[in-house]
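Listed below are the residues making up each chain.
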Amino acid sequence: MRFSEKIPGRVLLVIAFSALSALVLITVFIFVEGVPLIARVGVFNFIFGMKWAPSQGAFGIFPMIVGSLSVTLGAIILGVPIALCCAIFLTEFAPATVRNAIRPAIQLLAGIPSVVYGFWGLIFVVPLIRNYIGGPGLSILAGSIILAIMILPTIISISEVSLLALPPPYREGAFALGATQWQTIHGVLLPAARSGILAAVILGMGRAIGETMAVIMVLGNAVAMPSSILDPARTLTTNIGIEMAYAAGEHRQALFATGIVLLVMIMILNSVAQYALRRRQDER
Amino acid sequence: MSVNNTRMVSFDGTTPKARRLNARQTQAIAKATIWAAAVLVILILFAIIFYILSKGIPELDWEFVSEIPSDMGRSGGILSPIIGTLAVTAVAIVIAAPLGVGTAFYLTEYTYEGGITRIIRFGAESLAGIPSIVYGLFGFIFFVIYLKLGWSIVSGGLTLAVMILPTIIRTSEEAIRTVPQIYREVSLSLGGTRWQTITRAVVPSALPGIATGVILGIGRCVAETAAVILTAGSALRIPTSIFAPTRTMAVHFYILAREGISMERAYGTAALLIILILLINIVANILVNRFVARGR
Amino acid sequence: MTPQAKIAVKKLSFYYKKEQVIRDLSLEIPANEILAVFGPANSGTTTLLRTLNRLSDTIRGAHMGGEILLDGKDIYALDVSVTELRRKVGMVFEVPTPLPMSIYDNIAYGPRMRGIKRKKALDQVVEKALRMAVLWDEVKERLNASAMSISGGQQQRLCIARVLALEPEVILCDRPCSGLDPVSTAKIEESLRELKERLTIVLAPHNVQQAGRVADRVAFMLMGSLIEEGPAADVFANPKDKRTEDYITGRFG
């Protein structure tokens, strides 16, 4: 009786470590595969090298780091204001019926395959840029626009949760002092929810920096250093996505090394986001 | 809410009239902007879905879903990618659902918040942030090469299983936590063991929520490209075993579109993908609503 | 000397973390009687009830001292099966707590966990339990209806029937009528009085009047301490302690 009562707990404890074990495995295997190349090329030359030519043994990923950071920054600049407004709309303005219709729509936006976003960008956004703004169309701008759309659901839902979590007296107190709705939002609610919103933005950044398939289709994938947002570029993720299909030997190691850099960047972003979310909980 | 009509009280020295006008103007502008942003988000969503569906649905017919692709996908249907998608997703769910739900039950029912839960949550949260291409790299080097499973349905399924594990853990945990504590006390007070209490009193109430998490996991598997292309391969033959390579619909669509093999077939595949995702979302929402209704 | 008590509580102390909620409490509960343990809010009655079937085990950071004997045997002894103890000492909660399933499944919940699977045996158990809780005539036509669909008073009697289905020796009732109307309350009190013929009842009443109506013995608790205990008639007519008198005459609490 007592013995059998203990078995489920033991089994579940083992199961509960599956996620952590997977994390350890992922980290170990990616590092084991990629670190030797970084060691050979040198950390500085790998990260700040300007030339990527695997056939000539040149492995510098700086243009791709710039590419990743610029599309991510672009996505944040375009996406965050819209996402924040949408979250405010959902929590403060929308009537219940509208809210109940929009939530599933945003959830659907999160469910659409990233290749479909990329494809839509390719046939819809890229020609628009080429015809009306200039350049080849396949560009950092196109990538930023697609990523801005893709990170909307993440930022909207986490910001919404943060705004909803604010206790009612915040709103009532401000209204009682005669503030307008916007004054309440701008002066009371947004500052009070800032940790959660910050976490939302950072997690959105994480999604943008990690996205591959959508970006591959609209970014042009040139390995050269981009000089404007209308230039094509290549990100860390697309570098892996494009070349993994045929890479071998040292070249493949270099792609895993690219993965290490990506993983480290993501881990830093996520730690900051988790810290911000935890602070939100503590504030309560 | 009648906030718009609220009179501004002068508490900062400015004349009430000027202050009120100003604040109300800002309020109007802000309100318009916020409404516009919400409308824009919905417009974008419909633009994408409508565009893909309007171009893709005319491509859909019986032949499209019942024949295997020929000539690299230029002609024929997409039967083998459909089978590939189902097979890879099935493997992923069979592995990830027990692990994810089990973890959630451990975290909620078998332990108190403390060092162990913090470590487990750290693992799940970190996993959730890892980009799918990195899952692809890992699945390739670990399942395909190290475990010698090759490009196959198992390799793809196992990689996706790791990828959706955090989603299933989180949604299941939330579902279990919403089951009223009193149900557990009642079951225990009727002489139930902890395990009986979980399986008979907690699981039935948490099931719709858990199912929602699993269904969202299915949605992610169906939509994923980067992680599967590196682990399941892109073979067009109908797989004969789970150790055979395959191609999922998302990968098929990617190859058709990127290599310009056939735009018509690409639209058709994309439309089918969107329809599938729509259905998955609808089912998930029905479950959530039922869950919420029962919780009341 | 009275015959051996059904339950004997000896020098019980109970703490939530550092806060002591029961102080050095000793009490004997005779068989086949209704004992009402009453007192103002937070006087420890709920905690006392929960220690009697070890439901208090599930509270994190709680610890206790002293001992509790059921039929002379320590219920906290290492070789005691908690599940078996809880079957013998059933609990009815403050709010009606039907599980989200049918009336039938609620009653059959406990017996099923004990391995009774045969439909016929379960049918018998369910009917008997519902009859004992004076609920059978009201629900016999709709045993498969959701337990959430009947009235609050019926739900509470369902909870009593659910406990009775396990043929317990003791029932702990924690303010079982606090949210109910007078008619439902009267019905529950009536079934409690009938039940004491075959088992022992420990009741934390939601007010002094209820203690007066149903209890054979009463125990008055204040701030975790037992102030006074004795036959109900004696305590209500001649309280020995000033605080008991103040409370039952409504001067505080």
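Along each chain, numbering runs from 1 in the same order as the chain's sequence is written. Written order determines the labels here, with chains lettered from A and ligands numbered from 1. Two thresholds apply to this predicted model, a pLDDT of at least 70 for residue-level local features and 80 or more for giving and counting side-chain atom pairs, whereas whole-chain, interface and lining totals are computed over all residues. Hydrogens and water molecules were not included; the side-chain quantities draw on all heavy atoms of the structure.

**Student:** Can you lay out the sheet that holds strand S4 (residues 62–70) of chain C for me, pointing to particular residues and giving the numbers?
**Tutor:** Residue and element names in this part refer to chain C. For two strands to be treated as a pair, DSSP must find at least two bridges joining them. Numbering of helices and strands runs from the N terminus, with a helix taken as a DSSP run of H or I at least four residues long and a strand as a DSSP run of E at least two residues long. The four strands are arranged S2-S1-S4-S5 in an open sheet whose pairing can be described as antiparallel. Every other strand in the sheet has two partners, leaving strand S2 (19–29) and strand S5 (73–74) as the edge strands with one partner each. Contacts from helix H1 (residues 45–52) reach strand S1 (7–16), S2 and S4 within the one sheet, and its direction differs from that of S1 by about 120 degrees. Residues are treated as being in contact if the distance between any of their heavy atoms lies within 4.5 Å. Think of each axis as a best-fit line through the C-alpha atoms, taken over the contacting stretch in the case of a helix, with angles from 0 to 180 degrees between the N-to-C directions.

**Student:** Any chance you could break down the interface of chain B and chain A for me, citing the residues and the numbers?
**Tutor:** Residue-level contacts link 84 residues of chain B with 75 residues of chain A. It is Ile 34, Ile 48 and Leu 137 of chain B that lose the most area in chain B upon contact with chain A, and together they represent 9% of the buried surface on that side. Each salt bridge in this description consists of a side-chain nitrogen of Lys or Arg and a carboxyl oxygen of Asp or Glu lying within 4 Å of one another. As a salt-bridge pair, Arg 278 of chain A and Glu 125 of chain B come within 3.6 Å of each other at their nearest N and O atoms. Polar contacts, as counted here, are pairs of nitrogen or oxygen atoms within 3.5 Å of one another; within protein the pair requires one atom able to donate a hydrogen and one able to accept it, and residues that are adjacent in sequence qualify only if both atoms are side-chain atoms. Taken together, the links from chain B to chain A amount to four residue pairs in polar contact (both at pLDDT 80 or more). For the side of chain B that touches chain A, the secondary-structure elements that each account for two or more residues are helix H1 (16–56), helix H3 (79–109), helix H4 (115–129), helix H5 (132–146), helix H6 (153–177), helix H8 (194–223), helix H10 (249–258) and helix H11 (263–295) of chain B. In terms of residue count, the dominant contributor to the side of chain B that touches chain A is H1 of chain B (21 residues). Here the nonpolar group is Ala, Val, Leu, Ile, Met, Phe, Trp, Tyr, Cys and Pro; Asp, Glu, Lys and Arg are the charged ones; every other residue, Gly included, is treated as polar. Tallied by class, the residues present in the side of chain B that touches chain A amount to 64 nonpolar, 14 polar and six charged. Here's the idea: put two parts together, see how much 1.4 Å probe accessible area each one loses, and the total over both is what we call buried area.

**Student:** Let's hear about the domain arrangement of chain B: which residues, and what values?
**Tutor:** All names here are of chain B. Where each domain starts and ends follows an automatic or database-derived domain assignment. As far as domains go, chain B holds domain 1 (3–59) and domain 2 (62–295). Centre-to-centre, using C-alpha coordinates, domain 1 lies 37 Å away from domain 2. Taken residue by residue, the interface counts eight residues in domain 1 and nine residues in domain 2. Of all residues in domain 1, the largest losses of buried area upon contact with domain 2 belong to Ile 52, Leu 53 and Glu 59, amounting jointly to 61% of the total for that side. At the boundary of domain 1 with domain 2, the tally comes to zero salt bridges. The class makeup of the residues in the side of domain 1 that touches domain 2 is five nonpolar, one polar and two charged.

**Student:** Any details on a nonpolar patch on the surface? Residues and values, ideally.
**Tutor:** Residue and element names in this part refer to chain A. Together, Phe 124, Leu 128, Tyr 132 and Ile 133 line one region of the surface with nonpolar side chains, adding up to about 460 Å² of accessible area. Among the structural elements, Phe 124 can be located in helix H6 (residues 114–132). Remark: exposure states derive from per-residue accessible area (1.4 Å probe, protein chains only) relative to the maximum for the residue type, with buried under 20%, exposed over 50%, and partly exposed in between. Residue Phe 124 is classed as partly exposed on the basis of its relative accessible area of 35%. Like-charged residues within 9 Å of one another, or nonpolar side chains (Val, Leu, Ile, Met, Phe, Trp, Tyr) within 5 Å, are grouped into patches, provided each residue has over 30% relative accessible area and no salt bridge. Accessible surface area values rest on a Shrake-Rupley calculation with a 1.4 Å probe, where residue burial reflects the displayed protein chains alone.

**Student:** Describe the packing of aromatic side chains, listing the residues and the values that go with them.
**Tutor:** When two rings of Phe, Tyr or Trp (its six-membered ring) have centres within 6.5 Å they constitute a pair, described as stacked for plane angles under 30 degrees, edge-to-face for angles over 60, and tilted for the intermediate range. Summed over the entire model, instances satisfying the criterion amount to 21 aromatic pairs over all chains. When the centroid spacing of 5.0 Å and the interplanar angle of 80 degrees are considered together, the rings of Phe 119 of chain A and Phe 253 of chain B count as edge-to-face. With one member in each of two chains, Phe 119 of chain A in helix H6 and Phe 253 of chain B in helix H10 form a pair that bridges those chains. We classify Phe 253 of chain B as buried; its relative accessible area is 0%. With 6.1 Å between their ring centres and 35 degrees between their planes, Phe 140 of chain B and Trp 151 of chain B make a pair best called tilted. Here the residue Phe 140 of chain B occupies a position in helix H5, and Trp 151 of chain B occupies one in the loop between H5 and H6, the gap between them amounting to eleven residues. The class for Phe 140 of chain B is buried, based on a relative accessible area of 7%. Its relative accessible area of 46% is what places Trp 151 of chain B among the partly exposed residues.

**Student:** With reference to specific residues and values, describe the pairing of strand S3 (residues 34–38) of chain C.
**Tutor:** Residues and elements named next belong to chain C. Where burial is concerned, most of S3 is hidden: five out of the five residues are buried. Burial along S3 is two-sided: the residues Ile 34, Ala 36 and Phe 38 and Leu 35 and Val 37 are all buried. Here three bridges tie S3 to strand S8 (residues 200–204), and the two strands are oriented parallel to one another. Its bridge partner being in S8, Ala 36 is matched across the sheet by Leu 203. Where S3 lies against strand S9 (residues 217–222), four bridges are found, and the strand directions are parallel. Bridged to Ala 36 within S9 is Val 218.

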